[in-house]
Amino acid sequence: LMGGAPEHRMIFGLTLDFLGYIIPPYDFVVDPAAPYIHQAAGHHYEETNSLGPREAPEVVGTMIQLATWGRPPAH
């Protein structure tokens, strides 16, 4: 998305282990009786450490805005 040089565009922030806790909304499942307290059935441990189902769209959307800032619109 960033394209070439405009002086080495980079985005850092949630790196290393934190990336694993950004869960896409379609896979975000919490325990209905005790969300964030108990893990939902299946493999949903990550949700207990995530900021919520809106985190992925907000973080990715903002990163896309930052990565494409200043670029001419695609035709």
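The model shown is predicted, which means the values in this text are computed figures rather than measured ones.

Q: Now, about the overall build of the chain: what can you tell me, with residues and values included?
A: Along the chain, the regular secondary structure elements total one helix and zero strands. Taking all 75 residues of the chain together, the buried fraction comes to 17%. Taking the contacts inside the chain whose residues are at least 6 apart along the sequence as the reference set, 55% of them involve residues at least 24 apart. Total accessible area on the chain is roughly 6,100 Å²; 64% of this is exposed by carbon and sulfur atoms.

Q: Explain the side chain of Ser 50 residue by residue, including any values.
A: Mapped onto the secondary structure, Ser 50 falls in the segment before α1 (55-68). Residue classification places Ser 50 among the buried residues on the basis of a relative accessible area of 9%. In terms of polar contacts, Ser 50 uses its side chain to reach the backbone amide nitrogen of Gly 52, at 3.2 Å. Setting aside anything within four residues of it in sequence, one finds Ser 50 in contact with Tyr 21, Ile 23, Phe 28, Tyr 36 and Glu 55.

Q: Could you give an account of the packing of aromatic side chains, with specific residues and numbers?
A: Tallied over the full model, the rule gives one aromatic pair. Taking 6.4 Å as the distance between ring centres and 65° as the angle between the ring planes, the aromatic pair formed by Tyr 21 and Tyr 45 counts as edge-to-face. Taken as a pair, Tyr 21 in the segment before α1 and Tyr 45 in the segment before α1 lie far apart in primary sequence, 24 residues in all. When its relative accessible area of 42% is taken as the criterion, Tyr 45 is described as partly exposed.

Q: Lay out the environment of Pro 25 with the relevant residues and their values.
A: Looking at the element boundaries, Pro 25 is found in the segment before α1. Judged by relative accessible area, which is 43%, Pro 25 ranks as partly exposed. Once the C-alpha coordinates of Pro 25 and Glu 55 are considered, the two residues, 30 residues apart in sequence, prove to be 8.4 Å apart. Here Pro 25 is in contact with Pro 53, Ala 56 and Pro 57, once residues within four sequence places are set aside.

Calculation notes
Residues numbered from 1 in each chain as written. Predicted model: local features only at pLDDT ≥ 70, side-chain atom pairs only at ≥ 80, totals over all residues. Heavy atoms only, no water. Helix = DSSP H or I, 4+ residues; strand = E, 2+ residues; numbered from the N terminus. Buried < 20%, exposed > 50% of the residue type's maximum accessible area, 1.4 Å probe, protein only. Contact = heavy atoms within 4.5 Å. Areas by Shrake-Rupley, 256 points an atom, 1.4 Å probe, with all protein chains shown as cover. Polar contact = N/O pair within 3.5 Å; in protein donor to acceptor, adjacent residues only side chain to side chain. Phe/Tyr/Trp six-rings, centres within 6.5 Å; stacked < 30°, edge-to-face > 60°.

Remember, this is a structural readout, not a statement about activity or role.
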